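Understanding the architecture of this molecule
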Amino acid sequence: MGVDGRRLNVVVGVSGGIAAYKACHLVRAFTERGHSVHVVPTPSALNFVGAATFEALSGNPVSTTVFDAVDEVRHVRIGQEADLVVVAPATADLMSRAAHGRADDLLTATLLVATCPVVFAPAMHTEMWNHPATRDNVATLRRHGAIVLDPAHGRLTGVDTGPGRLPEPEQIAKLALLAAEKPGAFTRDLEGKRVVVTAGGTREAIDPVRFIGNHSSGRQGFALADVAAQRGADVTLIAGSVDALGTPPGVTLRSITSARDLHDAVVEEAPGADVVIMAAAVADFRPGTESDSKLKKGASDDALSRIELVENPDILADAVRRRADGELDAATVIVGFAAETGDATATPLEHAKTKLARKGCDLLMCNDVSGGATFGAEDNVGWILDADGTIDDVPRGSKHAVAANILDAVARRVAAARG
Ligand code: CTP
């Protein structure tokens, strides 16, 4: 189900490319979330995966032509009843036909009828993706209101590598469900902007086997990187420890361990960036010394019972300071995060206001974690505080939808900063 518990009618269109086998996993990703799926392959897709496989996985009949079940007017009905259409893989040929309004098979006919969000997940060789004809077709489809995902970079069929690889099915499913939840999430308002996102928790070594860490899953930061890339940004994601999250398509991943590694990475990556988003859960303290050998319990000088902690650099406040000193571009938009609970002194929102002023960043996403949720959860809720005093409610939604809300505020700031 979606975050709002709605069971969606999802049409999975499949066109004829080697990556068609990944559509099987995509169908599973939707059915396992409780959505109903109709698979509509092109005739050539069936050269790669048989109709029986799609029927078994979706539990619904599969046809490729407008001449099956004519009495049900299937070519119109499937598109009309859809809440979401996802074409994965979308070949160059399929996108060309869709961009020109052709209706020469059941899938293109369905695309002409559908008024719900339509998402294309392209997969093709880099030369085909870069060809001016494909660029034009992508632009036309986007102008017509469709969402065309940027493909992943990586190994393609044969020996070549480059942009053109179909993202992993789970990644396509998350982005497609975001399209259903918040269709405006894919505005290309970060085209050509350089965005640095930090995510996940840091680990502060005690000895070769132990560390001080935290519960951050990294999901909110990964979602931010994912959505920013799909809005056209050139994204570097600096990630601490995360629980097996795949690198979002089109994103450059840099892995770090400790707060000091993270600080070094941000110092390197932030110059030239249009946006720096500090979603990482940074450990405020680390052991003053890291033992070279494993500390033994019960040893006469029981070092484990008296670990002395020293304070880590405040990376966010440091970025703000370096911007003021001219080391970062004055127009760089800096975004902080705060997970707050209310207490005797203040509400979560009041704590967040104080933190925004203390850190000096432009925007602060405040999660209300009073109920204990958020870490590792699928959804999130809170407020976006702008240093200009405005506060936007962020309604409860998937971490991808929350990311899109944050990026709406970021894009407004970027546009204002760049005049
Ligand atoms: N942050 C940072 N460096 C640190 C600690 C935090 O850059 N050493 C960033 C986080 O990535 C986040 C923001 O600062 O964007 C707020 O983090 P939080 O842990 O809430 O802030 P603290 O300053 O540690 O405040 P608190 O006293 O509430 O723990």
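Keep in mind that this is a model prediction, so the values were computed, not measured.

About the cut-offs
All chains use their own residue numbering, which begins from 1 and follows the written sequence. Reporting in this predicted model follows two pLDDT cut-offs: at least 70 for local features of residues, and 80 or more for side-chain atom pairs to be given and counted; totals over whole chains, interfaces and linings ignore these cut-offs and use all residues. Excluded from the side-chain calculations are hydrogens and water; all other atoms, namely the structure's heavy atoms, are used. In this analysis an axis means a line fitted to C-alpha atoms, helices contributing only their contacting stretch, and an angle means the value between N-to-C directions, from 0 to 180 degrees. The helix count covers DSSP runs of H or I at least four residues long, the strand count covers runs of E at least two residues long, and both are numbered beginning at the N terminus. The scheme is simple: roughly parallel for angles under 35 degrees, roughly antiparallel for over 145, roughly perpendicular for 65 to 115, oblique for anything else. By convention the crossing between two helices is left-handed if the near helix lies anticlockwise of the far one by an angle smaller than a right angle, and right-handed if it lies clockwise. When checking whether two residues touch, look at their non-hydrogen atoms; a contact exists if any pair is within 4.5 Å. Classification used: nonpolar for Ala, Val, Leu, Ile, Met, Phe, Trp, Tyr, Cys and Pro, charged for Asp, Glu, Lys and Arg, polar for all others including Gly. For each residue, the test is whether any non-hydrogen atom lies within 4 Å of the molecule or strand; if one does, the residue is near. N or O atoms within 3.5 Å of each other form a polar contact, as long as, within protein, one can give a hydrogen and the other can take it, and as long as residues adjacent in sequence are counted only when both atoms are side-chain atoms. In these tables, accessible area is a Shrake-Rupley quantity obtained with a 1.4 Å probe, and a residue counts as shielded only by the protein chains included in the view. Any two strands between which DSSP finds at least two bridges are classified as paired. Throughout this description, the term salt bridge denotes a Lys or Arg side-chain nitrogen within 4 Å of a carboxyl oxygen of Asp or Glu. Exposure classes here rest on a 1.4 Å probe applied to the protein chains alone. A residue is buried below 20% of its type maximum, exposed above 50%, and partly exposed in between. Expected helix span is given by 1.5 Å per residue-to-residue step, counting one fewer step than there are residues. Only buried residues count toward a nonpolar core, which is a set of Ala, Val, Leu, Ile, Met, Phe, Trp, Tyr and Cys residues joined through side-chain atoms within 4.5 Å. Stacked, tilted and edge-to-face pairs are distinguished by plane angle, under 30 degrees for stacked and over 60 for edge-to-face with tilted covering the rest, among Phe, Tyr and Trp rings (Trp via its six-membered ring) whose centres lie within 6.5 Å. Sitting over a ring, as applied to charges here, requires NZ of Lys or CZ of Arg to be within 6 Å of the ring centre and within 35 degrees of the ring normal. Convention used here: a crossover is right-handed provided that the path from the first strand, over the helix, to the second strand proceeds clockwise when the strands point away from the viewer. UniProt positions are given in the numbering used here, feature names are shortened, and annotations may be inferred rather than shown by experiment.

**Observations regarding the packing of helix H10 (residues 259-269) against helix H11 (residues 315-324)**
For any two helices packed against each other, the geometry is given by the interaxial angle and the distance between the axes. Between H10 and H11, the least distance of the axes is 10 Å, while the angle of their chain directions is 25°. The orientation of H10 relative to H11 falls into the category roughly parallel. The two elements H10 and H11 cross, and the hand of that crossing is right-handed. Between H10, through Ala259, Leu262, His263, Val266 and Val267, and H11, the contact on the second element is made entirely by Ile315, Asp318 and Arg322. Partitioning the contact of H10 with H11 into residue classes produces 5 nonpolar, 1 polar and 2 charged.

**A word on the site of the ligand**
Around the ligand, 13 residues are found, and the nearest of them are Met278, Ala280, Leu316, Lys355 and Lys359. Within the contact set of the ligand, an oxygen atom lies 2.7 Å away from a backbone nitrogen or oxygen of Met278. For the ligand, whose free accessible area comes to 570 Å², the fraction covered by protein is 77%. Going through the elements one at a time, H11, strand S16 (333-340) and helix H12 (348-359) are the ones with two or more residues in the shell around the ligand. A per-element tally of the shell around the ligand places H12 first, with 3 residues. Taken together, the residues that form the shell around the ligand break down as 7 nonpolar, 1 polar and 5 charged.

**Some remarks on the sheet that holds strand S5 (residues 147-148)**
Across the sheet, 5 strands lie side by side as S2-S1-S3-S4-S5; this open sheet has parallel pairing. Pairing within the sheet leaves two strands with one partner each, and these edge strands are strand S2 (36-41) and S5.

**Thoughts on the pattern of salt bridges**
Counted according to the given criterion, the structure contains 29 salt bridges. Across the salt bridge formed by Glu168 and Arg165, the nearest N and O atoms sit 3.6 Å from each other. Overall, the relative accessible area of 29% leaves Arg165 in the partly exposed class. Measuring nitrogen to oxygen at the nearest pair gives 2.9 Å for the salt bridge that ties Arg254 to Glu269.

**Regarding helix H1 (residues 20-32)**
Between its first and last C-alpha, H1 extends 19 Å over 13 residues, near the 18 Å set by a 1.5 Å rise per residue. The set of residues buried in H1 consists of Ala20, Lys22, Ala23, Cys24, Leu26, Val27, Ala29 and Phe30. Those residues of H1 that are buried lie in contact with strand S1 (9-14), S2, helix H2 (51-58), strand S3 (84-90), strand S7 (161-165) and helix H8 (169-181). Looking one or two places after H1, you find Gly34, whose phi comes out positive at around 90°.

**Some details on the nonpolar core**
Core analysis: the largest hydrophobic core is formed by 73 residues, its most contacted members being Phe30, Leu84, Val86, Leu224, Val235 and Ile277. A total of 10 residues in this core trace back to one element, the largest contributor, which is helix H13 (residues 399-417). If near-sequence neighbours (up to four positions away) are discounted, Leu84 is found in contact with Asn9, Val10, Val11, Phe30, Cys116, Pro117, Val119, Ala176, Leu177, Ala179 and Ala180.

**Brief notes about the pairing of S3**
Among the 7 residues of S3, 7 are classified as buried, and the element is accordingly described as predominantly covered. Of the two faces of S3, the one holding Leu84, Val86, Ala88 and Ala90 and the one holding Val85, Val87 and Pro89 are both buried throughout. As judged from the 4 bridges shared by S1 and S3, these two strands associate in the parallel manner. Among the inter-strand pairings, Val12 is bridged to a residue of S3, identified as Val86. One ladder, built from 4 bridges, connects S3 with strand S4 (residues 118-122); its direction is parallel. Bridge pairing in S4 links Val87 to Phe120.

**As for the packing of aromatic side chains**
Taken as a whole, this structure holds 0 aromatic pairs when the rule is applied. A cation over a ring is seen here: Arg135 above Trp129, with NZ or CZ 4.4 Å from the ring centre.

**Looking at the pairing of strand S17 (residues 363-368)**
Of all 6 residues making up S17, 5 are buried, and the element is well covered by its neighbours. Pairing of S16 with S17 involves 6 bridges; the strand directions are parallel. Looking at the pairing, Ala339 lines up with Asn367 of S17. Between the parallel pair S16 and S17, the chain is carried across by H12, and the sense of this crossover is right-handed. Of the pairings in the sheet, the one linking S17 to strand S18 (residues 379-386) comprises 5 bridges and is antiparallel in character. Opposite Cys366, over in S18, you have Trp383 as the bridge partner.

**Notes on the UniProt feature "domain: Flavoprotein" (unreviewed entry) in the chain**
Taking the numbering used here, the UniProt-annotated feature "domain: Flavoprotein" (unreviewed entry) corresponds to residues 9-174. Segment residues 9-174 splits into 41% helix and 21% strand. End C-alpha atoms: 15 Å apart.

**A short note on the sheet that holds S16**
Strands belonging to one sheet form pairs held by backbone hydrogen bonds; the direction of such a pair is parallel or antiparallel. The 8 strands are arranged S12-S11-S8-S13-S16-S17-S18-S19 in an open sheet whose pairing can be described as mixed. Taken across any chain shown, the strands that pair with only one partner, and hence form the sheet edges, are strand S12 (252-255) and strand S19 (391-398). Each neighbouring strand pair of the sheet contributes to a mean axis angle of 20°, computed without reference to strand direction. Contacts from H10 reach strand S8 (194-199), strand S11 (234-239), S12 and strand S13 (275-278) within the one sheet, and its direction differs from that of S11 by about 165°.

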